[in-house]
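Working through the structure, step by step
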Amino acid sequence: MKSKLNPSMTITHFGRRLFFAFSVVLVSLGFCWSLQAQNIQPRPVARVISEPSATAGLVRPRRVKVEDSAPAETAADIKAPVADPTPIERRAFEQTNLARAENGLATLTWDPELCRMARAHSELMAEEGFFSHKNPDGLQLKDRARMSGIAPFRVIGENIAYNKGYDDPGGFAVEKWMTSSGHRANILYAGFQSAAIGSFVAADGSVYLTQIFIAR
C-alpha cells in the first residue's frame, strides 16, 4: 500500500524553509547596508551669494556708486601690510581674469588693500557663523570699505562664497560665480580696474571667500 503525503505537513515544511531563506536574505541585505553606511563619504557643499541675505532672491551686482563713497571720519589711518596671495586667493584671481579675457575685457590688477578688507570679512564670517555682505554690526560693503580706509572710489562690488570638500576651492568658487547672473555681472563689469580675493579656512575645512572689485 503506497503511503500518501499529508498536504498540510508538506505546506508547513515548505513554509518553514521559505521563511528561513527569506530571513537569510534579510540578514544579508542588512549586513550589506551596514557596510555601505560605514563607507559613506561626506558630500562637498557650496554656497554663493551676491546680495545681502535679506534680499538674496534679487540677484544683481552688489555695487556702491561714487555718491555713497565719501570717506568717513572713523576710517582707518593705519593700513596693515598684506602678504602675497595665498594659493586659494591666487587661483580665484587668475580664474577671474581668465573669464574676463575670454569675454574681451581687460584683466584686473591685484589690490592689496582690497585683499586685507576681503580677508577680514571672510574670517569674520567663519568665526561669527554668518554668510552675508552685512556683518553682525550691520555694516554693509560701503561701510566696511570706509572703515578700512578704502575711499574715495567711483564704484565697488563684492562676491562671497562658501565651500567645503573641494580640491580647488578658489577655482570652484569662480566657476559657481560665473553661473550666477549677479556674480557674473560683477566679474565681467568693464568699469572695474582692480580686485582681490580674501580667503579664510576654518578649523573644519570650510573655506570662506570674499571677492572685492573697485574703480577709483
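All of the points below concern the structure found in this document. (Residues numbered from 1 in each chain as written. Predicted model: local features only at pLDDT ≥ 70, side-chain atom pairs only at ≥ 80, totals over all residues. Heavy atoms only, no water.)

This paragraph deals with the overall build of the protein. When helices and strands are counted, the protein shows six helices and six strands. Taken from the N to the C terminus, the helices and strands of the protein come in the order α-β-β-α-β-α-α-β-α-α-β-β. Put simply, 75% of the contacts in the protein that link residues at least 6 apart link residues at least 24 apart. Accessible surface computed for the protein: about 12800 Å², of which carbon and sulfur atoms make up 58%. (Helix = DSSP H or I, 4+ residues; strand = E, 2+ residues; numbered from the N terminus. Contact = heavy atoms within 4.5 Å. Areas by Shrake-Rupley, 256 points an atom, 1.4 Å probe, with all protein chains shown as cover.)

As a further point, take the pattern of salt bridges. Per the counting criterion, the structure on display carries six salt bridges. Taking the shortest distance from any N to any O, the salt bridge between arginine 216 and aspartate 111 comes out at 2.6 Å. With arginine 216 in the segment after β6 (207-215) and aspartate 111 in the loop between β3 (109-110) and α3 (112-128), this pair connects stretches of sequence that are 105 residues apart. Take aspartate 111: its relative accessible area is 7%, and that puts it in the buried class. Here the salt bridges share partners, and the residues they tie into one network are Asp111, Glu113 and Arg216. (Salt bridge = Lys/Arg side-chain N within 4 Å of Asp/Glu carboxyl O. Buried < 20%, exposed > 50% of the residue type's maximum accessible area, 1.4 Å probe, protein only.)

One number sums up the size of the largest pocket: a volume of about 150 Å³. Considering the residues around the largest pocket, the lining is formed by Arg116, Met117, Ala120, His121, Leu124, Asn135, Leu139, Arg144, Met147 and Ser148. Looking at the lining of the largest pocket, the elements with two or more residues in it are α3 and α4 (141-147). Residue contributions to the lining of the largest pocket peak at five residues, all from α3. Split by residue class, the lining of the largest pocket holds five nonpolar, three polar and two charged. (1 Å grid on protein atoms, 1.4 Å probe; cavity = no way out; pocket = protein on both sides within 12 Å on 5 of 7 lines; lining within 4 Å. Points joined across faces, edges and corners; volume = space filled by probe spheres on them. Nonpolar A, V, L, I, M, F, W, Y, C, P; charged D, E, K, R; others polar.)

Right, let's talk about α3 for a bit. Given a rise of 1.5 Å per residue, 17 residues ought to cover 24 Å, and the 24 Å separating the end C-alpha atoms of α3 matches this to within 8%. When we look at burial in α3, the residues that qualify are Leu114, Cys115, Arg116, Met117, Ala118, Arg119, His121, Ser122, Met125 and Ala126. Looking at the buried residues of α3, the elements they touch are α2 (87-102), β3, α4, β4 (155-164), β5 (194-201) and β6. Capping the start of α3 is the job of one residue whose side-chain oxygen sits 2.9 Å from the backbone nitrogen of glutamate 113: aspartate 111. Note on α3: the residue one or two positions beyond its end, glycine 129, has a positive phi of about 70°. (Expected span 1.5 Å × (residues − 1). Polar contact = N/O pair within 3.5 Å; in protein donor to acceptor, adjacent residues only side chain to side chain.)

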